[in-house]
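Here's the letter readout for the chains.
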Amino acid sequence: MKALILVGGYGTRLRPLTLSAPKPLVEFCNKPMLLHQVEALAQVGVKEIVLAVSYRAEQLEKELKAHEKKLGIKITMSHEEEPLGTAGPLALAKGILSADNEPFFVLNSDISCEFPFQEMLDFHKNHGKEGTIVVTKVEEPSKYGVVVYDDTGRIERFVEKPSVFVSNKINAGMYIFSPAILDRIELRPTSIEKEVFPFMANSGQLYAMELSGFWMDVGQPKDFLTGMCMYLTNQKQRSPERLYNGQGVHGNVLVDPSAKIGKNCRIGPNVVIGPDVVVEDGVCIKRSTILRGTTIKSHSWIESSIIGWRCQIGQWVRMENVCVLGEDVIVKDELYINGGRILPHKSIGTSVTEPQIIM
Amino acid sequence: MLKAVILIGGPQKGTRFRPLSLELPKPLFPVAGFPIIYHHIEACVKLPEVKEILLIGAYQPSEALNRFIATTQRELNINLRYLQEYTTLGTAGGLYHFRDQILAGKPSGFFVFNGDICCDFPMVDMWNFHQQVQTGDHFTMLAAEATRKQSLQYGCLAENEETHEVLHYVEKPQTFVSSSINCGVYIFTPEIFSHIGAVFLKNQADVFNGGDNINPVRDCIRLEQDILSPLAGAKKLYVFKTTRFWSQIKSAGSAIYANRLYLSLYNSTHPERLAHNNDNGPKIIGDVFIHPSARVDPSATWSIKLPVFYAVVSRCATVLLRSCPNVTIGAGVTVGPGVRVRESLVLEGATLQDHCCILHSIIGWNSSVGAWTRVEGTANDPNPNDKHAKIDSSTLFNEEGKLNPSITILGRNVVIPPEVMVLNAILLPDKELSSSFKNQILL
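Residues numbered from 1 in each chain as written. Chains lettered and ligands numbered in written order. Predicted model: local features only at pLDDT ≥ 70, side-chain atom pairs only at ≥ 80, totals over all residues. Heavy atoms only, no water.

## A closer look at the overall build of chain A
How we decide: Secondary structure elements follow DSSP: runs of H or I of four or more residues count as helices, runs of E of two or more count as strands, with numbering from the N terminus. Computation of the radius of gyration draws on C-alpha atoms, with the globule rule given as 2.2 Å multiplied by the number of residues to the power 0.38. Whether a residue is buried, partly exposed or exposed follows from its accessible area with a 1.4 Å probe, protein chains only, as a fraction of its type maximum: under 20%, in between, or over 50%, in that order. We call two residues contacting when some pair of their heavy atoms lies within 4.5 Å.
Secondary structure assignment for chain A yields seven helices and 31 strands. Here the C-alpha radius of gyration of chain A, 21 Å, is about what a compact globule of 359 residues would show, namely 21 Å. In chain A, which comprises 359 residues, the proportion classed as buried is 59%. For chain A, long-range pairs separated by at least 24 residues make up 49% of all intrachain contacts whose partners lie at least 6 apart in sequence.

Okay, structure coming up:
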């Protein structure tokens, strides 16, 4: 079977992290975002994955070669010269996707959840129509587009940002299609939600499958952290042995074995610590991700932040309110960073008391 | 024989020092480990001619004041009395009202000090100058140099460079007069009372001669405007300029500044107050003052300049001070491991829990700061590049009605929970915070 992952463009919402690495390679819970999806696809027997990319294709390709071998899976780049939207990439990869006349998966690259690929396959084969969309329940549906479907799952219509309550189910960004859909899509910038799905729904060719379990679009920092919390909660249930159990841990914490944590620290709840990270004595970290190679000096306090690779955080530093630090940022001792977005290779010598971008 | 009078004001004065002055009369607030006016008294004692010191103010007698007087009298071996004004009498009215007590024992002259200043008082030099500058009855005032812009906030005087006479004196002018400013330290002879008396009688008469009947301050005589200004240019008033440090203490921020000035003075005046490294004691880096009866854990690491009274410092406490050594830690304070304190005062009985960070703040008596909490203020020190720059006492709010960033103050008994941030805030006594608090006053 095959899959297409819509990686897309610049990943601007996750800057400054995406200034140093393409978004699919940014580590989410200590594993490149893309790899979460690729591994789950490999598990249900997908043998070939096409990455629809419009930016930095070469770097991605190089990084993924290693994983190809390990998973026994073929990864191909479909490089869009101009961004083709959410449907165009399917047309571009038509050759590969239609090769074996089997249903294929299409995923948004920013999704984190317990991937229900086997259920999707079963559900799709059961109704036998052209497409299945996974939907998920959200608390505030009017922020998104909602999906309206009947008891069998057949989708009736989509409503974009409804002002009155219509439904609380939204498109979760995961699909499974029969190759017939490719006839509907032209090779030009096309939105699958606006230009393809409505027609399919009208002819009764589109079905909705409800996702159980957590779901998050982790394409921006605030949601990245929320998704991280959900993922860790899920890990606690599924594979609690992966979570960290050392001194000073509170709640769900993921720590790479090569990381070093000092004495009298308080780590967690909801913390991810990457490889080669050094956390000195007396540090408190909550609801944050610390990427590879960073050092956090003693007595600092960090909450709701994403700290990039190879950063140096001084002593008695306080960081909160969704700070995002790019690669190789130095924060001097005793500073206060409130909601700062700091670009790579910056050295910060004064406090950032109100959320702002530091270039 | 000489005397000294210190004008210590009353509860209606010194309001910019709240909430700290809600607890304690401002003159008794500890700076560099001792009450503000203790430094005045210590300086007076250096001049052996001074036989008695009188405190004049409008405070009700209180335990703090009584205890201060009793202790200081004993420690410094000098007569010390407190004379309470019956109502606000102004900087000259109080002197006039208590002229009999001041003149008791027939002193040839007396010093008068404003209570709310910090200074390296040049007592001996000023007295010598006073005796030499003229033979007849005359008065001397102490002056310092300010920047042109800041001089407008003080009393400005114009000096005859040769005779050192004050030619002109005006309090807080609106346009530039002179960069020489009045320090609030004077030497008077008994003749001053005839000048003040004349003003007193005129004020009283005015009430009945078609003056303002409802004038509530008829007993109030201001030294600067009512006495000194008219005396300028009359060959009566002389000025002694000093280049030693001098600052007003109006706001809490200036208390921290004064703390630093007095601590640096200890290097020359009281080097024994500074601690030294020895094998059995705590590790000392920089200038540290430890009271002889203090108990400091030998495994503590201090690199601070501070007076410590009976402080209890736990193992591995790191109260660090890098390039700005300026910390005072009072008696009975508990400092947990991994605490960082810089440019701050921690008053008696306070507790600083593990890993917290205190910057540019005053932690009030018996307050407690939770683990990993950050208490931070904004310093408004004078420009270090200009040696005549003085500390600004700006208003509490700016033109847009927002709180001007300043030293963070925790009043008595304030409880700050762990892991929060207190920034540029003023918290009144007995408050218990539940979350972070920035740029606000908590009543």
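Having put the structure on the table, let's press on.
## A few points about the overall build of chain B
The following threshold applies: Each accessible area is a Shrake-Rupley result for a 1.4 Å probe, and residues are judged covered by the shown protein chains and nothing else.
In terms of regular secondary structure, chain B is built from 10 helices and 34 strands. By the burial criterion, 56% of the 443 residues in chain B qualify as buried. Put simply, of all contacts in chain B between residues at least 6 apart along the chain, 55% involve residues at least 24 apart. When the accessible surface of chain B is split by element, carbon and sulfur atoms take 50% of a total near 18,700 Å².

## Observations concerning the nonpolar core
Filter applied, for reference: Take the buried Ala, Val, Leu, Ile, Met, Phe, Trp, Tyr and Cys residues and link them wherever side-chain atoms come within 4.5 Å; each set so joined is a nonpolar core. Domain start and stop points were drawn from an automatic or database domain assignment.
Of all hydrophobic cores here, the largest spans 71 residues; its most connected members are Phe29(B) and Phe111(B). Among the elements that take part in this core, helix 10 (residues 252–269) of chain B stands out by supplying 10 residues, more than any other. Each of domain 1 (2–248) and domain 2 (273–442) of chain B gives at least three residues to this core. Apart from residues lying up to four places away in sequence, Phe111(B) is in contact with Leu2(B), Lys3(B), Ala4(B), Val5(B), Leu47(B), Met123(B), Met126(B), Trp127(B), Tyr186(B) and Ile187(B). Ala3(A), Ala40(A), Ile49(A) and Ile111(A) belong to the second largest nonpolar core, which has 41 residues in total.

## Looking at the domain arrangement of chain B
Residue and element names in this part refer to chain B. The following threshold applies: Summed over both partners, the accessible surface that disappears when two parts come together, traced with a 1.4 Å probe, is what is meant by buried area.
Domain annotation of chain B identifies domain 1 (2–248) and domain 2 (273–442). Contact with domain 1, which involves 23 residues of that partner, is made by 22 residues of domain 2. Of the roughly 1,800 Å² buried between domain 1 and domain 2, counting both surfaces, carbon and sulfur atoms make up 63%. Three residues, Pro 19, Leu 20 and Glu 23, lead the burial of domain 1 against domain 2; their summed loss comes to 27% of the area buried on that side.

## Brief notes about the pattern of salt bridges
Residues and elements named next belong to chain A. The condition is simple: Salt bridge criterion: a side-chain nitrogen from Lys or Arg within 4 Å of a carboxyl oxygen from Asp or Glu.
Enumeration according to the criterion identifies 33 salt bridges over all chains in this entry. Between Lys 31 and Glu 39 there is a salt bridge; the shortest N-O distance is 2.7 Å. In this structure, the salt-bridge partner of Lys 94 is Asp 183, at a minimum N-O distance of 4.0 Å. Here the residue Lys 94 occupies a position in helix 4 (residues 94–97), and Asp 183 occupies one in the loop between strand 11 (169–177) and helix 6 (192–202), the gap between them amounting to 89 residues. Several salt bridges converge on common partners, so that one network encompasses Arg 13, Lys 23 and Asp 110.

## Here's the deal with the pairing of strand 9 (residues 155–159) of chain B
Residue and element names in this part refer to chain B. This is how the line gets drawn: A pair of strands is labelled paired if DSSP reports no fewer than 2 bridges between them.
Burial runs high along strand 9: four of the five residues are buried. In this structure, strand 9 lies alongside strand 10 (residues 166–171), joined through five bridges in antiparallel fashion. Among the inter-strand pairings, Leu 157 is bridged to a residue of strand 10, identified as Tyr 169. In this structure, the hairpin formed by strand 9 and strand 10 is closed by a connection of six residues, where His 164 is found at a positive phi of approximately 65 degrees.

## Digging into the sheet that holds strand 22 (residues 340–342) of chain B
Residue and element names in this part refer to chain B. Strands sit in the order 22-25-28-31-33 across an open sheet of five strands; the sheet is parallel. Looking at strand neighbours, the two that pair on one side only are strand 22 and strand 33 (437–438), the edges of this open sheet. Note: strand 31 (residues 421–423) against strand 33, two bridges, orientation parallel. Looking across to strand 33, one finds that Val 422 is bridged to Phe 437.

## Quick look at the interface of chain B and chain A
To be explicit about the condition: By the criterion applied in these results, polar contacts are pairs of N or O atoms within 3.5 Å in which, for protein atoms, one can donate a hydrogen and the other can accept it, and in which residues neighboring in sequence qualify only through two side-chain atoms.
Between chain B and chain A, the contact holds 20 residues from the first and 20 residues from the second. Taking both sides of the interface into account, the surface hidden between chain B and chain A amounts to around 1,500 Å²; carbon and sulfur atoms contribute 46%. Contact with chain A buries surface across chain B, with Trp372(B), Arg374(B) and Glu419(B) losing the most and accounting together for 43% of the total. The tally of links between chain B and chain A comes to three salt bridges. Ionic pairing is found between Glu334(A) and Arg340(B), a salt bridge with its closest N-O pair at 2.4 Å. Counting every contact that joins chain B to chain A gives 12 residue pairs in polar contact (both at pLDDT 80 or more).

## What to know about the pairing of strand 12 (residues 206–210) of chain A
All names here are of chain A. The buried count for strand 12 comes to four of five residues, which makes it a mostly enclosed element. Pairing analysis gives five bridges linking strand 8 (residues 131–137) to strand 12, with the strands arranged parallel. Residue Thr 132 lies in a different strand from strand 12, and its bridge partner there is Tyr 207.

## Describing the environment of Glu193(A)
All names here are of chain A. Tracing the backbone through its elements, the reader meets Glu 193 in helix 6. Leaving out residues up to four positions away in the same chain, Glu 193 has contacts with Thr 86, Asn 171, Tyr 175 and Pro 198. Only 3.1 Å separates the side chain of Glu 193 from the side chain of Thr 86, close enough to count as a polar contact. Here Ser 191 takes part through its side chain, which lies 3.2 Å from a polar atom of the side chain of Glu 193.

## Examining the packing of helix 2 (residues 36–45) of chain B against helix 3 (residues 63–76) of chain B
Residues and elements named next belong to chain B. Basically, it comes down to this: A fitted line through C-alpha atoms serves as each axis, taken over the contacting stretch for helices, and the angle formed by two N-to-C directions is quoted from 0 to 180°. Comment on the angle field: the value is read as roughly parallel under 35 degrees, roughly antiparallel over 145, roughly perpendicular from 65 to 115, and oblique elsewhere. If you view the pair so one helix is near and one far, a crossing is left-handed when the near helix is turned anticlockwise from the far one by less than a right angle, and right-handed when it is turned clockwise. Throughout, the ten residues Ala, Val, Leu, Ile, Met, Phe, Trp, Tyr, Cys and Pro are labelled nonpolar, Asp, Glu, Lys and Arg are labelled charged, and all others, Gly among them, are labelled polar.
For the pair helix 2 and helix 3, interaxial distance at closest approach is 11 Å and the crossing angle is 30 degrees. Between helix 2 and helix 3, the angle is such that the two are roughly parallel. The handedness of the crossing between helix 2 and helix 3 is right-handed. Only Phe 68, Thr 72, Glu 75 and Leu 76 of helix 3 make contact with helix 2, whose side of the interface consists of Ile 37, Tyr 38, Ile 41, Glu 42 and Val 45. Of the residues that constitute the contact of helix 2 with helix 3, the class distribution is six nonpolar, one polar and two charged.

## Observations regarding the packing of helix 4 (residues 90–97) of chain B against helix 8 (residues 192–208) of chain B
Residue and element names in this part refer to chain B. Helix 8 packs onto helix 4 with a crossing angle of 110 degrees between their chain directions and a minimal axis gap of 10 Å. Between helix 4 and helix 8, the angle falls in the class roughly perpendicular. Regarding helix 4 and helix 8, the two cross each other, and that crossing is left-handed. Between helix 4, through Ala 92, Leu 95 and Tyr 96, and helix 8, the contact on the second element is made entirely by Phe 193, Ile 196, Gly 197 and Phe 200. Partitioned by chemical class, the residues of the contact of helix 4 with helix 8 number six nonpolar, one polar and no charged.

## Quick look at the sheet that holds strand 17 (residues 271–273) of chain A
Residues and elements named next belong to chain A. Judged by pairing direction, the sheet is parallel, and its seven strands sit side by side in the order 14-17-20-23-26-29-31 without closing on themselves. Of all strands in the sheet, those bounded by a partner on one side alone are strand 14 (253–255) and strand 31 (356–358). Taken over all neighbouring pairs, the strand axes of this sheet differ in orientation by 5 degrees on average, direction set aside. One ladder, built from three bridges, connects strand 23 (residues 305–307) with strand 26 (residues 323–325); its direction is parallel. Looking at the pairing, Ser 305 lines up with Cys 323 of strand 26. Along the sheet, helix 7 (residues 221–238) makes contact with strand 14, strand 17, strand 20 (288–290), strand 23, strand 26 and strand 29 (340–342), crossing strand 20 at roughly 95 degrees.

## Quick notes on the packing of aromatic side chains
All names here are of chain B. Condition: When two rings of Phe, Tyr or Trp (its six-membered ring) have centres within 6.5 Å they constitute a pair, described as stacked for plane angles under 30 degrees, edge-to-face for angles over 60, and tilted for the intermediate range.
For the coordinates displayed, the defined rule picks out 23 aromatic pairs over all chains. Both rings, one in Phe 17 and one in Phe 29, keep their centres 5.0 Å apart while their planes meet at 80 degrees; by these two values the pair is edge-to-face. A residue pair is termed long-range when its members are at least 10 positions apart, and Phe 17 in the loop between strand 1 (2–9) and helix 1 (20–23) and Phe 29 in the loop between helix 1 and strand 2 (30–31) qualify at 12 residues. Accessibility assignment for this pair places Phe 17 and Phe 29 in one class, buried. On the basis of an interplanar angle of 15 degrees and a centroid distance of 5.4 Å, the ring pair of Tyr 186 and Phe 188 is categorised as stacked.

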